Amino acid sequence: MTETIHPLTNSQKLFLQRLLVAHVLTDEKAKDLYQSIQEKFANVNVNNDDGETSGDDDDVDQAYMGNDFEHCLGIINASLMPAFNLEIGTVSLPAPYSPDGGKKLSQEDDDEDGGGRKSSSTSPLIKYHAIVNRSNDDVAKNYAAARTALGPHELAYFRKVLEKLVECGNEFLETQQQQQQQQGSRKRNRIAIVGCIGSLNKMDLINLRTELEGPHQDKLSIAQTEMALEIMESEGWLVPAAPPGEEDGDDDNHNSDGSDDDEQPKKRKRKPSRKSLRGAFFSIGPRTFMELGEFLQNCGFPEERMPQSILHRS
């Protein structure tokens, strides 16, 4: 029996189109979008005056957005899944990284791709929404053949970037565990409970193109690589991340021998300047976790650090 696919209303289509253009939206911005569309079409009603419907599209309440935000996502998914094997996916990750470190969660970073963050176990998790391709076969999932504007050489480079970021994150975790063992239970470094804590600066990311082999060797120029990185960031595969030295999890109150700073003359810890860090830093974005989780785990990403996925059903 063929499953009936109900058409979306104009308001639902508009929400879907805006989400597709943005690639990734934080929960706050997605709800703002939902509210703005709902208010804009609040007085639109094309139903017949007698309340009867003839089955034509013109008789559908084109302003209908569901009972609430979650219901709206479920309604859209009910049409997207059987028609295109696409759906609005959601993951929970730490708040977007902010260089000034002073923004509140309600004043989210202006970059809609969000996801890079300072490592802190006290940072609340927020939701990210994106259109996810559920028809990816094993080849696509295992080799990061993502739904993107990247070409074959750029995709090979993208896989290399993800592998290196996973490796950096695992090395950082191992280092932190060793430090905790040395310091005992008095001090626990504050590390984000989910997501990738590995990050690389833009220069190192660009240089990764030289590690490509086979048919992809020497195929990307510096300019092409920079363009690929811009696409990865704009589409939500990569996100800005905190440079080393800005992490909240450093030993702020303990010295290398495990003693408290209160017992010794305090020295102001000097953070490295942004200029000395050779440009912006990037990490794995929410869209990568949504669509390429299997690839990340094949690269060695810890399963316990995978973000929680949330399903929306009407």
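A brief structural summary. Each chain has its residues counted from 1, following the order in which its sequence is written. Since the coordinates come from a predicted model, pLDDT governs what is reported: local features require at least 70, and pairs of side-chain atoms require 80 or more to be given and counted, while whole-chain, interface and lining totals use all residues. Excluded from the side-chain calculations are hydrogens and water; all other atoms, namely the structure's heavy atoms, are used.

Focus: the packing of aromatic side chains
In this analysis, rings of Phe, Tyr and Trp, with Trp reduced to its six-membered ring, are considered paired at centre separations within 6.5 Å, and the interplanar angle assigns stacked below 30 degrees, edge-to-face beyond 60, and tilted for intermediate values. Within the structure shown, the criterion is met by 4 aromatic pairs. Taking 6.2 Å as the distance between ring centres and 75° as the angle between the ring planes, the aromatic pair formed by Phe15 and Phe69 counts as edge-to-face. Here Phe69 lies in helix H3 (residues 69-84) and Phe15 lies in helix H1 (residues 10-22), a separation of 54 residues in the sequence. With a relative accessible area of 7%, Phe69 lands in the buried category. Each member of the aromatic cluster is reached from another via a ring pair, and the members are Phe15, Tyr34 and Phe69. In DSSP terms, a helix is any run of H or I states spanning at least four residues, a strand is any run of E spanning at least two, and both are numbered starting from the N terminus. Only protein chains enter the accessibility calculation, which uses a 1.4 Å probe; a residue whose area is less than 20% of its type maximum is buried, one above 50% is exposed, and one in between is partly exposed.

Details of the sheet that holds strand E2 (residues 86-94)
The rule for pairing is simple: two strands pair if DSSP sees at least two bridges between them. Within the open sheet, the 4 strands sit side by side as E1-E3-E2-E7. Their pairing is antiparallel. A strand with exactly one partner marks an edge of an open sheet, and here the two such strands are strand E1 (25-26) and strand E7 (309-310). Contacting E1, E2 and strand E3 (125-133), H1 crosses the sheet at an angle of about 100° to E3. Only heavy atoms matter for contacts: two residues are in contact if any of them lie within 4.5 Å across the pair. To obtain each axis, a line is fitted to C-alpha atoms, and for helices this fit is confined to the stretch in contact; angles are then taken between N-to-C directions over 0 to 180 degrees. Where H3 meets the sheet, its contacts fall on E2 and E3, and the angle it forms with E2 comes to roughly 130°.

Considering the nonpolar core
By nonpolar core is meant a set of buried Ala, Val, Leu, Ile, Met, Phe, Trp, Tyr and Cys residues that side-chain atoms within 4.5 Å join together. Of all hydrophobic cores here, the largest spans 41 residues; its most connected members are Tyr157, Phe158, Leu162, Leu205, Met232, Ile284 and Phe289. Elements with a minimum of two residues in this core: E2, E3, helix H5 (152-183), helix H6 (202-207), helix H7 (222-234), strand E6 (281-284), helix H8 (286-291) and helix H9 (293-298). The dominant element in this core, judged by the number of residues it contributes, is H5, at 9 residues. Listed in part, the 19 residues of the second largest apolar core include Phe15, Leu19, Leu25 and Phe69.

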